[in-house]
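Residue-level structural notes
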Amino acid sequence: MSYMKAKDINEHITWKEITKGCEIYEGGTSETVETGDWRTMKPVLHTDKCKQCLLCVPCCPDMSIPVGKDGKRGDFNYFYCKGCGICAVACPFGAIEMVREEK
Amino acid sequence: MGIRERLSGNEAVAYAMKQINPDVMGAFPITPSTEIPQYFSTYVDNGEVDTEFIAVESEHSAMSTCIGAEAAGARAISATSSCGLCYMTEMLYVAASDRLPITLAVVCRALSGPINIHNDHSDAMGVRDAGWIQLFAETNQEAYDNYLQAMRIGEAVSLPIMTCQDGFITSHAIENIELVETDKVKAFVGEYHPDQFLLNKKNPLAIGAFGMPAYYMECKRQQAQAMIDAKDVIKKVGKEFGEMTGRTYGLIENYRMEDAEEAIVIIGSSAGTAKEAVNELRAEGRKVGLVKIRSFRPFPTEDLCEALKNVKVFAAMDKDDSFNAHCGPMYAELTASLYAAGITAPKGIDYIYGLGGRDVRVDSIRRVYDELDKIARTGDVGETYRYLDIRE
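Presented here is a report on the structure given in the accompanying data block. What you see is a predicted model; the values in this text were computed from it and never measured.

1. Some remarks on the overall build of chain A
Per the secondary structure count, chain A includes 2 helices and 2 strands. If you list the helices and strands of chain A from N to C, you get β-α-α-β. The C-alpha atoms of chain A give a radius of gyration of 18 Å, which is well past the 13 Å a tight globule of 103 residues would have. With the principal axes as the frame, chain A shows a C-alpha extent of 55 × 30 × 15 Å. Across chain A, contacts joining residues at least 24 apart in sequence account for 60% of those joining residues at least 6 apart.

Structure follows, in structure tokens:
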């Protein structure tokens, strides 16, 4: 029986190698999974308008708005962002604009 | 040498649970399985077991309780019947695919409608594709014996297991029974120590992951392998149980099949009635035999082919109808097994029988053998999809 971590489980794994019942032998594995790849719209931060009020941060349902040690929000983490647009609605200053995702 | 007692099937299963002393029971009452959690809760209340008894508000929750407990590393059990089993169905699939060896005592009862509390196999057959091992008992003794073997089997292959007996017929009828001494039961069943479990803080674990299309089939193929592997485990545990008690179990039981030309294949308590019919017909010089399926999941394909390859004609006895305008579930799988093995000489018919507690008597089974005899003599199978003892 294999006691694999999430990073070791990929789309080449065979049925004999995959973990029993799809168990993953660690916690917090959602961090390693790219959940932003099906986004059609994406938020863009206009830093000139952003007042660092941080209202957008708790509105994000995922982990797409990182806050640094200096207490300021950084740019969006698109690895997780699904483009729901809640942050753009929450922003009182029009600093977040939803634009079409181009790939 | 065992303890001589007289118990109903429900009492026997509850007593087996008490001897095993599992960690958690989640249960909701439904006729005719109600007595099992009822007797067991008495054991809990009297301090005779240290099981955590969780009285839930539904069977869906009963199975959810078992899933949580088993995933945490505990040995979890439940009991149910009929629509209660239906109501568990969603969670039955979760238990099997999460590979949690929960043990469920099923006391088989018809499904509505018309509303009916009596025995047939439509509940157990309805969940036959949920991924659970399914053992069926003919007698109270077998209901007890199967329960004592269940955890060894399920835990060896990481699959949940249901032990099925016939509602009222064995669950409420009191029969002589030979119980195994509790110290021997404990030694035979052993403790449950899974490699990985949720309450193991040294090794964090995620159970019940989301499986995208790229992973889902690999998971299912591995689950299918566990069911294939269960065949040998059931035989091994049944043999070991026989060494302890003198009662050996396999996937099927062949009864007077040595030179049989006409056979019926049957599941559960009616096998006892049918054996009596076989004895009568044998005394009259007829070459008849009986095959009893103990394990419906895994389906004993190889053993059934071996048992039936030389008969002229057989009847599959289904205590359930698939309503496919064709046959019941056992006939479908039995004939598929024979065809896949290239065994096409025996002619086979299907009888739907005993639905909703319709009495099955020795004469009923004799009528089946008479039909088989007619087919053997004329070569004409006629209608393969038949109802036994139906008023025309």
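2. Looking at the overall build of chain B
Helix and strand counts for chain B come out as 12 helices and 15 strands. Its C-alpha atoms give chain B a radius of gyration of 21 Å, within 12% of the compact-globule value 21 Å for 392 residues. Judged by the C-alpha coordinates and their principal axes, chain B covers about 70 × 55 × 45 Å. Counting all 392 residues of chain B, 52% fall into the buried class. For chain B, long-range pairs separated by at least 24 residues make up 80% of all intrachain contacts whose partners lie at least 6 apart in sequence.

3. Focus: the nonpolar core
V13(B), A95(B), A263(B), I264(B) and V265(B) are the most contacted members of the largest nonpolar core, which totals 118 residues. With 8 residues, helix α6 (residues 140-157) of chain B is the largest single contributor of residues to this core. Residues lining this core come from more than one domain, with at least three contributed by each of domain 1 (3-245) and domain 2 (252-387) of chain B. Residues within four places of V13(B) in sequence aside, it is in contact with I36(B), A105(B), A143(B), Y144(B) and Y147(B). Formed by 9 residues, the second largest nonpolar core is a distinct cluster that contains C56(A), I65(A), F76(A) and C91(A).

4. Observations regarding the packing of α6(B) against helix α8 (residues 213-245) of chain B
All names here are of chain B. At a closest axis distance of 9 Å, the pairing of α6 and α8 adopts a crossing angle of 140 degrees. When the axes of α6 and α8 are compared, the pair comes out oblique. The handedness of the crossing between α6 and α8 is right-handed. Along the contact surface, α6 presents D145, L148, Q149, R152, I153, A156 and V157, while α8 presents A226, D229, A230, V233, I234, V237, G238 and F241.

5. As for the sheet that holds strand β11 (residues 288-293) of chain B
All names here are of chain B. Spatial strand order, β9-β11-β10-β13-β14-β15: 6 strands in an open sheet with mixed pairing. Looking along the sheet, the strands with just one partner apiece sit at the ends: β9 (252-255) and β15 (385-387). Taking the axes of each pair of neighbouring strands and ignoring which way they run, one obtains an average angle of 20 degrees across the sheet. As judged from the 4 bridges shared by strand β10 (residues 262-266) and strand β13 (residues 313-318), these two strands associate in the parallel manner. Its bridge partner being in β13, E262 is matched across the sheet by V313. Those strands touched by helix α10 (residues 301-308) are β9, β10, β11 and β13, and its axis lies near 10 degrees from that of β9.

Rules and cut-offs
- The numbers attached to residues start from 1 for each chain and follow its sequence in the written order.
- By the order in which they are written, chains take letters starting at A while ligands take numbers starting at 1.
- Totals for whole chains, interfaces and linings use all residues, but because this is a predicted model, local features are given only for residues with pLDDT of at least 70 and pairs of side-chain atoms are given and counted only at 80 or more.
- Where helices and strands are cited, they refer to DSSP runs of H or I of at least four residues and of E of at least two residues respectively, numbered from the N terminus.
- In this setup the radius of gyration rests on C-alpha atoms only. A globule is expected at 2.2 Å times the number of residues raised to 0.38.
- Two residues form a contact once the distance between their C-beta atoms, set from the backbone, is within 7 Å.
- Residues are called buried when their C-beta atom has 20 or more other C-beta atoms within 10 Å, exposed when it has 12 or fewer, and partly exposed otherwise; all C-beta atoms are positioned from the backbone.
- Think of a nonpolar core as buried Ala, Val, Leu, Ile, Met, Phe, Trp, Tyr and Cys residues, each tied to the set through C-beta atoms within 7 Å.
- Those domain boundaries reflect an automatic or database domain assignment.
- In this analysis, axes come from line fits to C-alpha atoms, helices being fitted only over the stretch in contact, and the angle between any two N-to-C directions falls in the range 0 to 180 degrees.
- The scheme is simple: roughly parallel for angles under 35 degrees, roughly antiparallel for over 145, roughly perpendicular for 65 to 115, oblique for anything else.
- Note on convention: the crossing is left-handed when the near helix lies turned anticlockwise from the far helix by less than a right angle, right-handed when the turn is clockwise.
- When DSSP finds two or more bridges between two strands, those strands count as paired.

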